[in-house]
Amino acid sequence: MPIKPLRKAVFPVGGLGTRFLPATKAMPKEMLPVVDRPLIQYAVDEALEAGIEQMIFVTGRGKSAIEDHFDIAYELEATMRGRGKSLEVLDATRLAPGAVAYVRQQEPMGLGHAVWCARDIVGDEPFAVLLADDFMVGKPGCLKQMVDAYMQVGGNMICAQEVPEDQTHMYGVITPGRRDGALTQVKGLVEKPAKGTAPSNLSVIGRYILQPEVMRVLETQGKGAGGEIQLTDAMARMIGDQPFHGLTFDGQRYDCGDKAGYVTANLAIAIGRADIGDSVRAFAVDLLK
Ligand code: UTP
(Lines give C-alpha, C1' and ligand atoms only; values in the text may rest on other atoms or scores of the structure.)
Protein backbone atom coordinates (compact mmCIF):
# COMPACT_ATOMS: atom_id res chain seq x y z
CA MET A 1 0.00 0.00 0.00
CA PRO A 2 1.42 3.46 -0.89
CA ILE A 3 2.35 5.63 2.10
CA LYS A 4 -0.13 8.48 2.48
CA PRO A 5 1.55 11.85 3.13
CA LEU A 6 0.69 13.81 6.27
CA ARG A 7 -1.46 16.92 5.95
CA LYS A 8 -3.05 17.31 9.36
CA ALA A 9 -1.78 17.80 12.89
CA VAL A 10 -3.65 17.61 16.19
CA PHE A 11 -2.54 19.81 19.08
CA PRO A 12 -4.17 18.62 22.31
CA VAL A 13 -4.28 21.69 24.53
CA GLY A 14 -7.13 20.68 26.81
CA GLY A 15 -5.06 19.62 29.83
CA LEU A 16 -5.31 21.42 33.17
CA GLY A 17 -1.61 22.22 33.51
CA THR A 18 -1.76 21.76 37.28
CA ARG A 19 2.02 21.70 37.62
CA PHE A 20 2.11 25.34 36.53
CA LEU A 21 -0.58 26.74 38.80
CA PRO A 22 -1.26 29.50 39.49
CA ALA A 23 0.22 30.67 36.13
CA THR A 24 -2.17 28.35 34.29
CA LYS A 25 -5.32 29.20 36.23
CA ALA A 26 -6.69 31.51 33.54
CA MET A 27 -4.19 30.79 30.74
CA PRO A 28 -3.35 27.57 28.92
CA LYS A 29 0.15 26.26 29.63
CA GLU A 30 0.74 26.13 25.88
CA MET A 31 0.69 29.96 25.93
CA LEU A 32 3.64 30.13 28.34
CA PRO A 33 6.40 31.91 26.44
CA VAL A 34 9.93 30.73 25.83
CA VAL A 35 11.54 34.17 25.63
CA ASP A 36 8.93 35.90 23.46
CA ARG A 37 7.01 33.13 21.67
CA PRO A 38 4.40 30.91 23.26
CA LEU A 39 5.10 27.17 23.29
CA ILE A 40 2.20 26.57 20.92
CA GLN A 41 3.77 28.91 18.34
CA TYR A 42 6.99 26.85 18.28
CA ALA A 43 4.93 23.67 17.83
CA VAL A 44 2.88 25.14 14.96
CA ASP A 45 6.06 26.38 13.25
CA GLU A 46 7.52 22.87 13.60
CA ALA A 47 4.39 21.42 11.98
CA LEU A 48 4.47 23.93 9.10
CA GLU A 49 8.14 23.08 8.47
CA ALA A 50 7.13 19.39 8.26
CA GLY A 51 4.58 20.19 5.53
CA ILE A 52 1.42 20.12 7.68
CA GLU A 53 -1.44 22.06 6.09
CA GLN A 54 -4.16 21.85 8.71
CA MET A 55 -3.76 22.56 12.43
CA ILE A 56 -6.43 21.04 14.66
CA PHE A 57 -6.51 22.30 18.24
CA VAL A 58 -8.34 20.26 20.86
CA THR A 59 -9.15 22.92 23.40
CA GLY A 60 -11.07 23.18 26.66
CA ARG A 61 -12.59 25.87 28.81
CA GLY A 62 -10.27 28.79 29.46
CA LYS A 63 -8.20 28.14 26.33
CA SER A 64 -9.51 30.98 24.17
CA ALA A 65 -6.13 32.74 24.30
CA ILE A 66 -4.89 30.15 21.78
CA GLU A 67 -7.69 31.01 19.33
CA ASP A 68 -6.96 34.71 19.77
CA HIS A 69 -3.24 34.13 19.25
CA PHE A 70 -3.81 32.64 15.80
CA ASP A 71 -6.35 35.31 14.81
CA ILE A 72 -6.08 38.87 13.53
CA ALA A 73 -5.83 41.46 16.34
CA TYR A 74 -7.32 44.47 14.51
CA GLU A 75 -7.03 46.94 17.38
CA LEU A 76 -3.45 46.00 18.22
CA GLU A 77 -2.40 46.09 14.56
CA ALA A 78 -4.10 49.44 13.89
CA THR A 79 -2.47 50.97 16.97
CA MET A 80 0.95 49.60 16.03
CA ARG A 81 0.55 50.86 12.46
CA GLY A 82 -0.47 54.26 13.78
CA ARG A 83 2.72 54.38 15.83
CA GLY A 84 4.85 53.35 12.86
CA LYS A 85 5.78 49.98 14.38
CA SER A 86 6.52 46.99 12.16
CA LEU A 87 3.93 44.19 12.20
CA GLU A 88 6.50 41.59 11.16
CA VAL A 89 6.63 40.16 14.70
CA LEU A 90 3.05 38.99 14.21
CA ASP A 91 3.66 37.18 10.90
CA ALA A 92 4.05 33.74 12.51
CA THR A 93 0.62 34.03 14.17
CA ARG A 94 -1.12 34.28 10.78
CA LEU A 95 -2.28 30.91 9.54
CA ALA A 96 -3.85 30.58 6.11
CA PRO A 97 -7.66 30.83 6.03
CA GLY A 98 -9.13 27.38 6.64
CA ALA A 99 -5.81 26.03 7.90
CA VAL A 100 -6.94 25.97 11.49
CA ALA A 101 -9.78 24.13 13.21
CA TYR A 102 -10.86 23.93 16.84
CA VAL A 103 -12.72 21.20 18.62
CA ARG A 104 -13.63 21.28 22.29
CA GLN A 105 -12.80 18.53 24.76
CA GLN A 106 -15.51 19.17 27.33
CA GLU A 107 -13.74 17.23 30.08
CA PRO A 108 -9.99 16.60 30.39
CA MET A 109 -10.30 12.81 30.34
CA GLY A 110 -6.79 12.18 29.06
CA LEU A 111 -4.61 12.54 25.98
CA GLY A 112 -6.25 9.59 24.19
CA HIS A 113 -9.65 11.14 24.72
CA ALA A 114 -8.39 14.53 23.47
CA VAL A 115 -7.10 12.97 20.24
CA TRP A 116 -10.36 11.04 19.77
CA CYS A 117 -12.31 14.32 20.04
CA ALA A 118 -10.65 15.35 16.73
CA ARG A 119 -11.77 12.22 14.84
CA ASP A 120 -14.24 13.90 12.47
CA ILE A 121 -11.81 16.63 11.43
CA VAL A 122 -8.96 14.16 11.00
CA GLY A 123 -11.13 11.84 8.87
CA ASP A 124 -9.61 8.88 7.10
CA GLU A 125 -5.99 9.95 6.79
CA PRO A 126 -2.77 9.72 8.80
CA PHE A 127 -2.11 12.62 11.15
CA ALA A 128 0.48 14.02 13.52
CA VAL A 129 0.01 14.79 17.20
CA LEU A 130 2.19 17.45 18.82
CA LEU A 131 2.28 18.14 22.54
CA ALA A 132 3.47 21.72 22.69
CA ASP A 133 4.84 21.41 26.22
CA ASP A 134 7.49 19.04 24.84
CA PHE A 135 9.59 21.78 23.27
CA MET A 136 11.84 20.31 20.60
CA VAL A 137 14.78 22.19 19.13
CA GLY A 138 16.47 20.65 16.10
CA LYS A 139 17.52 21.25 12.52
CA PRO A 140 15.40 20.15 10.80
CA GLY A 141 12.68 20.16 13.43
CA CYS A 142 11.53 17.02 15.20
CA LEU A 143 8.35 16.46 13.18
CA LYS A 144 10.20 16.99 9.89
CA GLN A 145 12.74 14.34 10.93
CA MET A 146 9.84 12.01 11.73
CA VAL A 147 7.99 12.74 8.48
CA ASP A 148 11.15 12.03 6.45
CA ALA A 149 11.49 8.64 8.19
CA TYR A 150 7.74 7.97 7.95
CA MET A 151 7.78 8.43 4.16
CA GLN A 152 10.21 5.46 4.08
CA VAL A 153 8.49 3.08 6.50
CA GLY A 154 4.86 4.26 6.90
CA GLY A 155 2.62 3.05 9.72
CA ASN A 156 2.69 4.56 13.19
CA MET A 157 5.65 6.45 14.61
CA ILE A 158 6.48 8.03 17.92
CA CYS A 159 9.36 10.19 18.97
CA ALA A 160 11.55 8.18 21.34
CA GLN A 161 14.14 9.32 23.83
CA GLU A 162 16.18 7.54 26.47
CA VAL A 163 15.35 8.94 29.90
CA PRO A 164 17.09 8.25 33.23
CA GLU A 165 15.94 4.90 34.72
CA ASP A 166 14.42 6.62 37.75
CA GLN A 167 12.09 8.66 35.53
CA THR A 168 10.52 5.93 33.38
CA HIS A 169 7.42 5.81 35.64
CA MET A 170 6.48 9.27 34.29
CA TYR A 171 6.47 8.24 30.61
CA GLY A 172 5.07 5.84 28.07
CA VAL A 173 7.86 3.24 27.71
CA ILE A 174 8.81 1.14 24.69
CA THR A 175 9.71 -2.54 24.47
CA PRO A 176 12.33 -2.10 21.75
CA GLY A 177 12.82 -4.44 18.82
CA ARG A 178 15.26 -4.23 15.93
CA ARG A 179 17.21 -1.00 15.61
CA ASP A 180 18.09 0.58 12.27
CA GLY A 181 19.88 3.93 12.59
CA ALA A 182 17.54 6.36 14.33
CA LEU A 183 14.57 4.00 14.00
CA THR A 184 13.66 1.39 16.60
CA GLN A 185 10.92 -1.12 16.04
CA VAL A 186 8.24 -0.82 18.74
CA LYS A 187 7.27 -4.27 20.05
CA GLY A 188 5.35 -3.13 23.10
CA LEU A 189 4.24 0.02 24.92
CA VAL A 190 3.28 0.64 28.50
CA GLU A 191 2.10 3.93 30.02
CA LYS A 192 3.71 5.03 33.30
CA PRO A 193 5.03 1.62 34.40
CA ALA A 194 5.44 1.14 38.16
CA LYS A 195 9.00 1.83 39.35
CA GLY A 196 11.34 -1.05 38.53
CA THR A 197 9.02 -2.64 35.93
CA ALA A 198 9.80 -0.59 32.80
CA PRO A 199 10.76 -2.75 29.78
CA SER A 200 13.53 -0.24 28.84
CA ASN A 201 14.35 3.41 29.35
CA LEU A 202 13.33 4.32 25.78
CA SER A 203 10.35 6.59 26.33
CA VAL A 204 7.63 8.24 24.29
CA ILE A 205 8.08 11.99 23.78
CA GLY A 206 5.27 14.31 22.67
CA ARG A 207 5.35 13.77 18.89
CA TYR A 208 3.36 11.09 17.09
CA ILE A 209 2.43 10.09 13.55
CA LEU A 210 -0.67 7.93 13.65
CA GLN A 211 -2.86 6.07 11.21
CA PRO A 212 -6.58 6.91 11.32
CA GLU A 213 -7.41 3.42 12.64
CA VAL A 214 -6.28 4.64 16.07
CA MET A 215 -9.54 6.60 16.32
CA ARG A 216 -11.54 3.38 16.18
CA VAL A 217 -9.30 1.82 18.82
CA LEU A 218 -9.74 4.89 21.04
CA GLU A 219 -13.50 4.57 20.76
CA THR A 220 -13.41 1.51 23.02
CA GLN A 221 -10.34 2.44 25.04
CA GLY A 222 -11.00 2.29 28.78
CA LYS A 223 -9.26 4.36 31.43
CA GLY A 224 -5.62 3.57 32.08
CA ALA A 225 -2.83 5.05 34.22
CA GLY A 226 -4.02 7.96 36.36
CA GLY A 227 -7.67 7.17 35.54
CA GLU A 228 -7.21 8.82 32.12
CA ILE A 229 -7.89 7.51 28.61
CA GLN A 230 -4.32 7.02 27.45
CA LEU A 231 -3.12 7.37 23.86
CA THR A 232 -0.29 4.94 24.66
CA ASP A 233 -2.79 2.18 25.54
CA ALA A 234 -4.59 2.61 22.20
CA MET A 235 -1.30 2.62 20.29
CA ALA A 236 -0.21 -0.53 22.12
CA ARG A 237 -3.29 -2.31 20.77
CA MET A 238 -2.23 -1.47 17.19
CA ILE A 239 1.21 -3.08 17.44
CA GLY A 240 1.38 -6.02 15.06
CA ASP A 241 -1.35 -4.71 12.75
CA GLN A 242 0.73 -1.92 11.22
CA PRO A 243 4.44 -0.99 11.13
CA PHE A 244 5.36 0.78 14.38
CA HIS A 245 8.60 2.66 14.97
CA GLY A 246 10.21 5.01 17.46
CA LEU A 247 12.44 7.71 16.00
CA THR A 248 15.31 8.98 18.11
CA PHE A 249 15.26 12.68 17.40
CA ASP A 250 18.52 14.48 16.61
CA GLY A 251 18.24 17.64 18.70
CA GLN A 252 17.39 18.91 22.14
CA ARG A 253 14.17 18.35 24.07
CA TYR A 254 12.98 20.56 26.89
CA ASP A 255 10.12 19.26 29.04
CA CYS A 256 8.24 22.52 29.41
CA GLY A 257 5.37 20.83 31.28
CA ASP A 258 7.83 20.77 34.16
CA LYS A 259 9.09 23.91 35.90
CA ALA A 260 12.80 23.06 35.78
CA GLY A 261 12.57 22.10 32.10
CA TYR A 262 10.71 25.29 31.29
CA VAL A 263 13.22 27.56 33.01
CA THR A 264 16.08 25.65 31.33
CA ALA A 265 14.48 26.14 27.91
CA ASN A 266 14.16 29.88 28.48
CA LEU A 267 17.78 30.14 29.50
CA ALA A 268 19.07 28.05 26.59
CA ILE A 269 17.01 29.89 23.96
CA ALA A 270 17.80 33.30 25.45
CA ILE A 271 21.54 32.60 25.41
CA GLY A 272 21.34 31.56 21.75
CA ARG A 273 19.48 34.69 20.66
CA ALA A 274 21.28 37.40 18.72
CA ASP A 275 19.36 40.22 20.43
CA ILE A 276 19.68 39.26 24.11
CA GLY A 277 22.15 36.35 24.19
CA ASP A 278 25.24 38.29 25.27
CA SER A 279 23.61 40.07 28.18
CA VAL A 280 21.82 36.94 29.47
CA ARG A 281 25.01 34.89 29.26
CA ALA A 282 27.01 37.57 31.07
CA PHE A 283 24.36 37.71 33.80
CA ALA A 284 24.26 33.92 34.16
CA VAL A 285 28.06 33.68 34.41
CA ASP A 286 28.08 36.43 37.01
CA LEU A 287 25.26 34.79 38.99
CA LEU A 288 27.09 31.48 39.15
CA LYS A 289 30.38 32.97 40.37
P1 UTP B 1 -0.06 16.40 30.64
O2 UTP B 1 -0.48 15.38 31.60
O3 UTP B 1 1.37 16.71 30.50
O4 UTP B 1 -0.76 17.81 30.85
O5 UTP B 1 -0.72 16.06 29.24
P6 UTP B 1 -1.67 18.40 31.93
O7 UTP B 1 -2.61 17.41 32.52
O8 UTP B 1 -2.26 19.61 31.30
O9 UTP B 1 -0.58 18.94 32.98
P10 UTP B 1 -0.35 18.71 34.53
O11 UTP B 1 0.28 17.36 34.66
O12 UTP B 1 -1.68 18.84 35.21
O13 UTP B 1 0.58 19.84 34.89
C14 UTP B 1 0.02 16.00 28.04
C15 UTP B 1 -0.66 16.79 26.95
O16 UTP B 1 -1.98 16.32 26.72
C17 UTP B 1 -2.90 17.38 26.78
C18 UTP B 1 -2.24 18.46 27.60
O19 UTP B 1 -2.76 19.73 27.25
C20 UTP B 1 -0.78 18.29 27.24
O21 UTP B 1 -0.46 18.95 26.03
N22 UTP B 1 -4.15 16.86 27.39
C23 UTP B 1 -4.07 16.08 28.50
C24 UTP B 1 -5.36 17.16 26.84
O25 UTP B 1 -5.45 17.88 25.82
N26 UTP B 1 -6.49 16.67 27.42
C27 UTP B 1 -6.45 15.89 28.53
O28 UTP B 1 -7.51 15.45 28.98
C29 UTP B 1 -5.20 15.60 29.08
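Remember, predicted model here, so these are calculated numbers, not experimental data. (Residues numbered from 1 in each chain as written. Predicted model: local features only at pLDDT ≥ 70, side-chain atom pairs only at ≥ 80, totals over all residues. Heavy atoms only, no water.)

## What to know about the overall build of the protein
Now for step 1: When helices and strands are tallied, the protein shows ten helices and 13 strands.
Now for step 2: In summary, the protein has a C-alpha radius of gyration of 19 Å against a globular reference of 19 Å for 289 residues, a match within 12%.
Now for step 3: Taking all 289 residues of the protein together, 48% fall into the buried category.
Now for step 4: Across the protein, the fraction of contacts at a sequence separation of at least 24, relative to all contacts at a separation of at least 6, is 75%.
Now for step 5: Carbon together with sulfur atoms contributes 53% to the accessible area of the protein, which is approximately 14,500 Å² in total.
Now for step 6: Distance from the positive charge centre (31 side chains) to the negative charge centre (36 side chains) of the protein: 2 Å. (Helix = DSSP H or I, 4+ residues; strand = E, 2+ residues; numbered from the N terminus. Rg over C-alpha atoms; globule rule 2.2 N^0.38 Å. Buried < 20%, exposed > 50% of the residue type's maximum accessible area, 1.4 Å probe, protein only. Contact = heavy atoms within 4.5 Å. Areas by Shrake-Rupley, 256 points an atom, 1.4 Å probe, with all protein chains shown as cover. Lys, Arg positive; Asp, Glu negative; His and termini not counted. Charge placed at Lys NZ, Arg CZ, Asp CG, Glu CD.)

## Structural notes on the site of the ligand
Now for step 1: Not every one of the 18 residues close to the ligand is listed here, only the nearest: Gly17, Thr18, Arg19, Gln105 and Gly110.
Now for step 2: Measuring from an oxygen atom of the ligand, one finds a side-chain N or O atom of Thr18 at 2.5 Å.
Now for step 3: Its free accessible area being 570 Å², the ligand has 84% of it covered by the protein chains.
Now for step 4: Broken down by class, the residue content of the shell around the ligand amounts to eight nonpolar, six polar and four charged. (Near = heavy atom within 4 Å. Polar contact = N/O pair within 3.5 Å; in protein donor to acceptor, adjacent residues only side chain to side chain. Nonpolar A, V, L, I, M, F, W, Y, C, P; charged D, E, K, R; others polar.)

## Describing the UniProt feature "domain: Nucleotidyl transferase" (unreviewed entry) in the protein
Now for step 1: The residues that UniProt annotates with the feature "domain: Nucleotidyl transferase" (unreviewed entry) are residues 13–269.
Now for step 2: Span residues 13–269 is 28% helix and 26% strand, its end C-alpha atoms 23 Å apart. (UniProt positions renumbered as here; feature names shortened; annotations may be inferred.)

## Here's the deal with a nonpolar patch on the surface
Now for step 1: Where nonpolar side chains cluster on the molecular surface, the patch consists of Phe283, Leu287 and Leu288 and spans about 400 Å² of accessible area.
Now for step 2: For Leu287, the position within the fold is in helix 10 (residues 277–288).
Now for step 3: By relative accessible area, which is 59% here, Leu287 ends up exposed. (Patch = residues over 30% accessible without salt bridge, like charges linked within 9 Å, V, L, I, M, F, W, Y side chains within 5 Å. Salt bridge = Lys/Arg side-chain N within 4 Å of Asp/Glu carboxyl O.)

## Remarks on the packing of helix 9 (residues 259–272) against helix 10
Now for step 1: Two numbers describe how helix 9 lies on helix 10: the axes approach to 6 Å, and their chain directions differ by 125 degrees. The angle between helix 9 and helix 10 falls in the class oblique. Note on element contacts: helix 10 touches helix 9 through Gly277, Val280 and Arg281, opposite Leu267, Ala270 and Ile271. (Axes fitted to C-alpha atoms, helices over the stretch in contact; angles between N-to-C directions. Parallel < 35°, antiparallel > 145°, perpendicular 65-115°, else oblique.)

## Here we look at the pattern of salt bridges
Now for step 1: Under the definition given, this model contains 16 salt bridges.
Now for step 2: Across the pair Arg207 and Glu46 runs a salt bridge whose closest N-O atoms are separated by 2.8 Å. Taken together, the residues span a long stretch of sequence, with Arg207 in strand 11 (residues 202–210) and Glu46 in helix 1 (residues 39–49) at a distance of 161 residues. For the pair Arg207 and Glu46, a shared accessibility class is recorded, and that class is buried.
Now for step 3: In the salt-bridge network here, residues are joined through shared partners; they are Arg7, Lys8, Glu53 and Glu125.

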